[in-house]
Amino acid sequence: MTFTEFFRNEDSGCYQKYFSITLAILVVVSCIVFSKRKEDKHKLSKQNNNQHVPEDQNGGPLIETSANEQKICNQKRSDTPKVEVVTPVPLSVNYHFTRQCNYQCGFCFHTAKTSAVLPVSEAKRGLRMLKESGMEKVNFSGGEPFIVQRGTYVGELVTFCKRDLGLPSVTIVSNGSLITEKWFKKYGEYLDILAISCDSFHPQVNKEIGRYQGSKNHLQSLQTVRDLCTLYKVFQCLLIGGENAGENALRQAETFVVTEAEFQAFLDRHSSVACLVPESNEKMRNSYLILDEYMRFLDCTRGGKDPSKSILDVGVADALMFSGFDESMFFKRGGKYKWSKADMKLEW
């Protein structure tokens, strides 16, 4: 255990023991200093033959200083470095506005623990607050985004973010099973990127891992977007306490975990695929700003998902302080890329 971990581990017996000892030492030292100060004050009074000694605001003798000494003292105070807390800019935010899904993927790390969905007016208010705080890209995810009001809810948010807020990038991550041509005709012009999850090209494998609904073939749902894919992101299975690991989790994803060596071996075998973008758990865990269904940032630094207060209640800056967001890793993993249709210069 490191020195920092020792003092942060409030649950350990060592922490409680040494915290009590430290507190006792501080109390004793304070008493000694107070007693010594009182004794010095009494001696000074006797030496001055009961003359009045001016006191400072704490009851101690007021010591007069020359102008030069005062100037030096003030200079020292002004030279003391100020510690400033820098709040990261929420450049790219992943808004998981629902936890509900029509699939039962065994490795899911954002499971259906609630059925909450904010009123669309409140969601728009929060999105405007994020835009005013520097957000340039919003990604709508879940759960399955198209399950709420059959896609109308996410369609309205997509339209609001692009048309009203003027965000450079508006994207969606979906399993692809509920997307319709009618939806695209109505909302497609306001969407920059649609990401579709695909874990296997074998129907039986998809069924075994839970990526299916009834008799529907997941791969058939992907045929319409197969030829449009220009970038493949590859992730490791990420364990999150309370979501897909631990006693209170709705999923148990340990069987899907691969080691760093196995992940790297997969990447080496597919090194010829130019559009493959790998993201290990180390890169992924804290480099995504995740906003849950109550518009709370989720801090994953301790292995679970610790929520901040809602940005609707405390504002974006205050909530960000409890997000656990690793801004440097966000840029290191290439979190800022050509994420707008305008940048891609696509011809339809």
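Residues numbered from 1 in each chain as written. Predicted model: local features only at pLDDT ≥ 70, side-chain atom pairs only at ≥ 80, totals over all residues. Heavy atoms only, no water.

## Things to note about the overall build of the protein
Check the secondary structure of the protein and you find 14 helices and 9 strands. When burial is assessed residue by residue, the protein has 36% of its 348 residues classed as buried. Pairs at least 24 residues apart make up 65% of the contacts formed inside the protein by residues separated by at least 6 positions. On the protein, roughly 21900 Å² of surface is accessible, and the fraction owed to carbon and sulfur atoms is 54%. (Helix = DSSP H or I, 4+ residues; strand = E, 2+ residues; numbered from the N terminus. Buried < 20%, exposed > 50% of the residue type's maximum accessible area, 1.4 Å probe, protein only. Contact = heavy atoms within 4.5 Å. Areas by Shrake-Rupley, 256 points an atom, 1.4 Å probe, with all protein chains shown as cover.)

## Some details on the packing of aromatic side chains
Within this structure, the stated rule accounts for 8 aromatic pairs. Look at Phe107 and Phe256: their rings are 5.5 Å apart centre to centre, the planes differ by 80°, and that puts the pair in the edge-to-face class. Of the two residues, Phe107 sits in the loop between β1 (92-96) and α4 (120-132) while Phe256 sits in the loop between β5 (232-235) and α9 (260-269), which places them 149 residues apart along the sequence. Chaining the aromatic ring pairs together yields one cluster made of Tyr95, Phe97, Phe140 and Tyr153. (Phe/Tyr/Trp six-rings, centres within 6.5 Å; stacked < 30°, edge-to-face > 60°.)

## A few points about the side chain of Asn102
Within the fold, Asn102 resides in the loop between β1 and α4. Judged by its relative accessible area of 8%, Asn102 is buried. A distance of 3.1 Å separates the side chain of Asn102 from the side chain of Asn175, its partner in a polar contact. With sequence-adjacent residues up to four places away left out, Asn102 is seen in contact with Glu144, Ile147, Asn175, Ser177, Leu178, Tyr212 and Gln213. (Polar contact = N/O pair within 3.5 Å; in protein donor to acceptor, adjacent residues only side chain to side chain.)

## Regarding the layout of surface pockets
Taken as a whole, the second largest pocket encloses approximately 260 Å³ of empty space. What lines the second largest pocket is simply Phe146, Ile147, Arg150, Gly151, Thr152, Leu178, Thr180, Lys182, Trp183, Lys186 and Tyr187. At 4 residues, the largest contribution of residues to the lining of the second largest pocket is made by helix α6 (residues 181-187). Looking at the lining of the second largest pocket residue by residue, the class counts come to 5 nonpolar, 3 polar and 3 charged. (1 Å grid on protein atoms, 1.4 Å probe; cavity = no way out; pocket = protein on both sides within 12 Å on 5 of 7 lines; lining within 4 Å. Points joined across faces, edges and corners; volume = space filled by probe spheres on them. Nonpolar A, V, L, I, M, F, W, Y, C, P; charged D, E, K, R; others polar.)

## Comments concerning the nonpolar core
Ranked by internal contacts, the top residues of the largest apolar core, which has 40 residues, are Tyr95, Leu127 and Phe140. The element contributing the most residues to this core is helix α5 (residues 152-164), with 6 residues. Of all hydrophobic cores here, the second largest spans 6 residues; its members include Cys105, Phe107, Ile209 and Cys237. (Core = buried A, V, L, I, M, F, W, Y, C linked by side-chain atoms within 4.5 Å.)

## Considerations on the pairing of strand β9 (residues 306-310)
Two elements, strand β8 (residues 296-299) and β9, share 3 bridges in a ladder whose sense is antiparallel. Considered in β9, the bridge of Asp299 is made with Asp306. Here β8 folds back onto β9, and the loop between the two strands holds 6 residues, one of which, Gly303, carries a positive phi near 95°. (Pairing = 2+ DSSP bridges.)

## Notes on unusual backbone geometry
The residue after Gly142, namely Gly143, is reached through a cis peptide bond having omega 15°. Considering the arrangement of structural elements, one finds Gly143 in the loop between β2 (137-141) and α5. A positive phi angle, near 55°, is found at Arg150, a position not held by glycine. For Arg150, the location among the structural elements is in the loop between β2 and α5.

## Observations regarding the environment of Glu144
Within the fold, Glu144 resides in the loop between β2 and α5. Of the residues examined, Glu144 reaches a relative accessible area of 1% and is grouped as buried. On a C-alpha basis, the gap between Glu144 and Gln100 in space is 6.3 Å, while along the polypeptide they are 44 residues apart. Once residues lying within four places of it in the same chain are set aside, the contact partners of Glu144 are Thr98, Gln100, Cys101, Asn102, Ser174, Asn175, Gly176 and Leu178.

## Comments concerning the pattern of salt bridges
Considering all chains together, one arrives at 9 salt bridges under this definition. When the shortest N-O distance is used, the salt bridge between Asp192 and Lys162 registers 2.8 Å. Here the residue Asp192 occupies a position in the loop between α6 and β4 (193-196), and Lys162 occupies one in helix α5, the gap between them amounting to 30 residues. Each of Asp299, Arg302 and Asp306 takes part in one network of salt bridges that share partners. (Salt bridge = Lys/Arg side-chain N within 4 Å of Asp/Glu carboxyl O.)

## Overview of the confidence of the model for the protein
The predicted model of the protein has a mean per-residue pLDDT of 75, with 69% of residues at 70 or higher. Mean pLDDT values for the elements of the protein range from 36 in helix α1 (residues 3-8) up to 98 in α4. Long-range and interchain partners of residues 60-65, a stretch whose pLDDT sits below 50, account for 11 contacts in this model, where long-range means more than four residues apart. (pLDDT = per-residue confidence, 0-100.)

## Description of α5
Between the first and last C-alpha of α5 there are 17 Å, a value that for 13 residues agrees with the 18 Å anticipated at 1.5 Å per step. Looking only at α5, the buried set comprises Tyr153, Val154, Gly155, Leu157, Val158, Thr159, Phe160, Cys161 and Lys162. (Expected span 1.5 Å × (residues − 1).)

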